[in-house]
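Summary of the model geometry
Residues per chain are reported as follows:
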Amino acid sequence: MFLQTEHEFTLPKGYADAEGNLHRKGVMRLATALDEIEAERASRARGNADLLPVMLLSRVVVRLEGVACITPEVIGGLFTADFAFLQNMYETINTAEEAVIQVQCPHCGKDFTDTLNFALGE
């Protein structure tokens with residue numbers, strides 16, 4: 001059995017850097033226990049428990065096209081739609097079950113289950 005540890009994604013809006021460039025494609029890896037512990041420790045150290053999701057996502061988002069380093073500041077600078085998208089993706093890929101979705105064929109109307117893909121156009 002193969003365990004997929006990294007998942008590609010395409011942000012709905014895109015991260016806008018200081019020059020105004022949009023960065024949309026990236027990769028998120030599965031979280032480890034240490035990711036959760038360190039993110040919680042860092043958010044408490046900064047005196048703001050609400051930062052936990054930002055700290056956690058900055059650890060598990062391993063690539064974002066054209067962005068050299070994924071920091072809490074990069075994650076905090078995302079549009080809310082993109083932040084919510086990544087939070088949902090995090091919860092989906094880190095559950096014990098494979099990420100699947102119920103879909104319906106637009107041509108024949110048949111219902112089936114398919115693996116959830118976070119990259120647009122696939």
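Details of the structure are given in the entry above.
None of these values were measured; they are calculated from a predicted model. Within every chain, residues take consecutive numbers counted from 1 along the sequence as written. Reporting of local features is limited, given that this is a predicted model, to residues whose pLDDT is at least 70; pairs of side-chain atoms are given and counted only at 80 or more, and all residues count toward the totals for whole chains, interfaces and linings. To get the side-chain values, all heavy atoms of the structure are used, and hydrogens and water are removed first.

Residues grouped as a nonpolar core are buried Ala, Val, Leu, Ile, Met, Phe, Trp, Tyr and Cys residues, joined through side-chain atoms within 4.5 Å. Buried means the residue's accessible area, taken with a 1.4 Å probe over protein chains only, is under 20% of the maximum for its type, while exposed means over 50%, and partly exposed covers the values in between. Ranked by internal contacts, the top residues of the largest apolar core, which has 24 residues, are F9, M28, L57, I75 and L86. Among the secondary structure elements, those contributing two or more residues to this core are strand 1 (6-16), helix 2 (52-60), strand 3 (61-64), helix 3 (72-76) and helix 4 (80-93). Strands are runs of DSSP state E lasting at least two residues, helices are runs of H or I lasting at least four, and both sets are numbered from the N terminus onward. No other element matches helix 4, which puts six residues into this core. A contact between two residues is defined here by any heavy atoms of the two lying within 4.5 Å. Among residues more than four places away in sequence, those in contact with L86 are F9, L11, M28, L57, V61 and L78.

To estimate the expected span of a helix, subtract one from its residue number and multiply by 1.5 Å. The terminal C-alpha atoms of helix 1 (residues 33-45), which comprises 13 residues, lie 18 Å apart, in line with the 18 Å expected from a rise of 1.5 Å per residue. Residues D35, A39 and S43 constitute the buried set of helix 1. On an axial view of helix 1, the arc spanned by its buried residues comes to 55°, and they lie on one face. For helix 1, exposure combined with an orientation more than 90 degrees from the buried face picks out A33, R44 and A45. Where helix 1 is buried, its residues meet strand 2 (22-29) and helix 2. G47 sits one or two residues past helix 1 and shows a positive phi near 75°. Each direction from the helix axis to a C-beta atom contributes to the arc, which is the arc of those directions.

Here, two cysteine sulfur atoms that lie within 2.5 Å of each other are counted as a disulfide. Per the stated rule, a full pass over the model turns up zero disulfides. Looking at the unpaired C105, the closest cysteine sulfur is the one in C108, lying at 3.6 Å. With relative accessibility at 19%, the residue C105 sits in the buried group.

This paragraph deals with the packing of helix 1 against helix 2. Here, axes are lines fitted to C-alpha atoms. For helices the fit covers the stretch in contact, and angles between N-to-C directions go from 0 to 180 degrees. Relative to each other, helix 1 and helix 2 sit at 135°, their axes nearing to 8 Å. For the element pair helix 1 / helix 2, the angle class is oblique. Remark: the crossing between helix 1 and helix 2 carries right-handed chirality. For the pair helix 1 and helix 2, contact is made by L34, D35, E36, E38, A39, E40, A42 and S43 and by L52, M55, L56, R59 and V60, respectively. Taken together, the residues of the contact of helix 1 with helix 2 break down into seven nonpolar, one polar and five charged. In this scheme, roughly parallel covers angles under 35 degrees and roughly antiparallel covers those over 145, while 65 to 115 is roughly perpendicular and the rest are oblique. Two helices cross in a left-handed way if the nearer one is turned anticlockwise from the farther one by less than a right angle. They cross in a right-handed way if the turn is clockwise. Under this grouping Gly is polar, as are all residues other than the nonpolar Ala, Val, Leu, Ile, Met, Phe, Trp, Tyr, Cys and Pro and the charged Asp, Glu, Lys and Arg.

All we've got here are geometric facts, nothing functional implied.
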